[in-house]
Amino acid sequence: MPGAATEDDTVDSRRYTQHAQGPAAILAISTENPTNIVPQDEFGGFYFGLTKCDHLTELKEKMKRICEKSGIEKRYMHLGDELIRAHPEIIDKNLPSLDARANIAATEVLKLAESAARKAIAEWGRPATDITHLIFSTYSGCRAPSYDLQLASLLGLRPTISRTILSLHGCSGGGRALQLAKELAENNRGARVLVVCSEMILMCITSPDVTNIVGQTIFGDGAGAVIVGAGPFDNDGVERPLLEMVAASQNMIPGTEKEIGMQITSTGIVFQLSMKVPKLIRDNIQQCLIDAFRSIGNSDPPNWNDLFWAVHPGGRAILDSIEGTLQLQPSKLAASRHVLREYGNMSGATITFVLDEVRRRREKEDGQQQQQPEWGVMLAFGPGITIETIVLRTPQPRCLKEN
Ligand SMILES: CC(C)(COP(=O)(O)OP(=O)(O)OC[C@H]1O[C@@H](n2cnc3c(N)ncnc32)[C@H](O)[C@@H]1OP(=O)(O)O)[C@@H](O)C(=O)NCCC(=O)NCCSC(=O)CC(=O)O
């Protein structure tokens with residue numbers, strides 16, 4: 001019938017109105033750690049004592065050298081003497097220990113996640129039942145149903161919550177989860193996505209050898225939660241966009257599959273960190289950034305020092321590599337170095353700590369009437385080697401809906 005809406009028209013117009021109007025934005029960020037703190041200058045003694053390897057004096061000296069160069073002052077760890085007394089198999093490479101690790105992680109990883117998520121929801125200011133999507137990223141899970149379902153129940157999220165679990169994305173897990181959250185928020189009007197990353201080195205801790213010593217020296221426990229939604233936001237002060245997520249991309253560095261890796265074995269997760277990682281990231285980062293800015297119409301890349309930076313502090317040498325190759329002023333990676341110093345590398349959760357620190361610093365500088373860069377970049381790295389990039393921006397007034 002001429003003039004009458006067809007079924008296809010209805011479907012098409014529904015699809016059109018399904019999209020959000022504004023770009024996705026971060027609406028709240030929270031973090032959590034276990035209570036137990038291990039100072040980095042005491043870690044060698046603690047770890048070689050815990051693993052009963054004090055006789056490996058050369059390796060212990062090597063760890064001391066790595067600790068001194070790590071840029072880390074302390075890490076948070078659930079791990080301790082009591083746990084190893086109850087589960088001595090964890091530090092014995094000849095005994096299966098995956099069950100014990102997975103059982104403890106099932107409770108402890110969830111606890112950290114729940115606490116971070118509750119804080120993020122409180123900061124966001126809306127009821128937990130308004131969350132429409134949940135993305136949970138971890139390398140510390142071995143079960144289904146997994147942490148996503150348990151967390152949804154603990155938080156009282158709606159039964160129709162759309163859940164996704166990301167597993168073994170390593171240190172890029174937080175970046176990947178945030179990119180997915182952006183896609184979900186922008187493609188589903190009114191969606192509010194809770195991103196949670198929770199990591200525990202209990203899954204990987206083992207007796208020392210030359211291949212695992214760097215990982216044992218830099219990784220720590222932590223969880224982060226971020227709420228993402230796309231505008232326009234009600235301008236009644238309840239929802240406050242902190243950072244706009246303008247563009248997101250994922251790059252892999254070809255031929256580097258073996259340089260960062262993780263594998264679940266009967267004796268826990270074994271990771272691979274090659275000495276080439278800082279150089280590989282240094283050689284590839286500039287092009288990723290140029291491509292990211294081209295994707296939003298900048299044919300010439302911006303001056304890197306005109307941006308604010310939220311970079312995953314995979315290791316001190318990685319931050320040095322990025323700072324060196326992009327010729328960044330030292331203040332640009334200050335938030336990343338702060339997180340590395342205070343917490344170590346908490347794998348996928350780390351980027352949420354960095355974003356929180358960037359936000360805190362920007363708010364402080366705002367209060368002191370200092371001019372803020374409008375544009376910024378989030379970078380996270382993981383197995384692949386994968387680089388996750390998000391172009392960030394100070395929230396623009398068009399994000400806010402006038403009441
Ligand atoms: C480990 C460092 C702090 C060491 O500092 P420097 O490089 O300045 O010091 P250095 O060269 O004297 O190295 C100190 C000692 O560590 C050893 N060493 C360095 N890198 C090593 C590696 N990958 N594996 C084994 N040993 C290593 C050196 O041989 C040296 O031993 P000796 O003293 O005997 O000569 C740094 O290299 C660093 O930050 N590296 C990056 C770590 C990394 O790959 N992080 C990514 C994590 S993965 C991630 O974030 C993503 C994910 O997990 O998914």
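None of the values given here were measured: they were computed from a predicted structure.

About the criteria used
- Residues numbered from 1 in each chain as written.
- Predicted model: local features only at pLDDT ≥ 70, side-chain atom pairs only at ≥ 80, totals over all residues.
- Heavy atoms only, no water.
- Salt bridge = Lys/Arg side-chain N within 4 Å of Asp/Glu carboxyl O.
- Buried < 20%, exposed > 50% of the residue type's maximum accessible area, 1.4 Å probe, protein only.
- Helix = DSSP H or I, 4+ residues; strand = E, 2+ residues; numbered from the N terminus.
- Polar contact = N/O pair within 3.5 Å; in protein donor to acceptor, adjacent residues only side chain to side chain.
- Contact = heavy atoms within 4.5 Å.
- Near = heavy atom within 4 Å.
- Areas by Shrake-Rupley, 256 points an atom, 1.4 Å probe, with all protein chains shown as cover.
- Domains from an automatic or database assignment.
- UniProt positions renumbered as here; feature names shortened; annotations may be inferred.

**Student:** How do you make sense of the pattern of salt bridges when you look at a structure like this?
**Tutor:** Note that side chains of opposite charge can pair when their charged atoms are close. Enumeration according to the criterion identifies 27 salt bridges in this entry. Residue Lys60 is joined to Asp54 by a salt bridge in which the shortest nitrogen-to-oxygen separation is 2.9 Å. Residue Lys60 is classed as partly exposed on the basis of its relative accessible area of 26%. Judged by its relative accessible area of 41%, Asp54 falls in the partly exposed class. Residues Glu357 and Arg360 are paired through a salt bridge, measuring 2.9 Å at the closest nitrogen-oxygen approach. One end of the pair is Glu357 and the other is Arg360, both in helix H12 (residues 350-367) and three residues apart, which spans about a single turn.

**Student:** Help me out: how do you make sense of the side chain of Thr51 in this one?
**Tutor:** Mapped onto the secondary structure, Thr51 falls in the loop between helix H2 (43-50) and helix H3 (57-69). A polar contact is formed between the side chain of Thr51 and the backbone oxygen of Tyr47, at a distance of 2.7 Å. If we skip the residues at most four places from it in the chain, Thr51 touches Ile91, Thr206, Ser207 and Pro208.

**Student:** So what exactly am I meant to see when it comes to the site of the ligand here?
**Tutor:** Residues in contact with the ligand amount to 27 residues; listed here are only the nearest, Arg65, Lys69, Cys171, His312 and Arg316. The contact in question runs from an oxygen atom of the ligand to an N or O atom on the side chain of Asn345, over 3.0 Å. Protein contact buries 80% of the 990 Å² of open area that the ligand shows by itself. The dominant element in the shell around the ligand, judged by the number of residues it contributes, is H3, at four residues. Inspection of the shell around the ligand shows a minimum of three residues originating in each of domain 1 (24-230) and domain 2 (243-393).

**Student:** Please explain the UniProt feature "active site" (unreviewed entry) in the protein as it appears in this structure.
**Tutor:** Mapped onto the present numbering, the UniProt feature "active site" (unreviewed entry) falls on Cys171. Structurally, the position occupied by Cys171 is in the loop between strand S5 (162-167) and helix H7 (173-187). When its relative accessible area of 12% is taken as the criterion, Cys171 is described as buried. Residues within four places of Cys171 in sequence aside, it is in contact with Phe219, His312, Asn345, Ser347, Gly348, Ala380, Phe381, Gly382 and Pro383.

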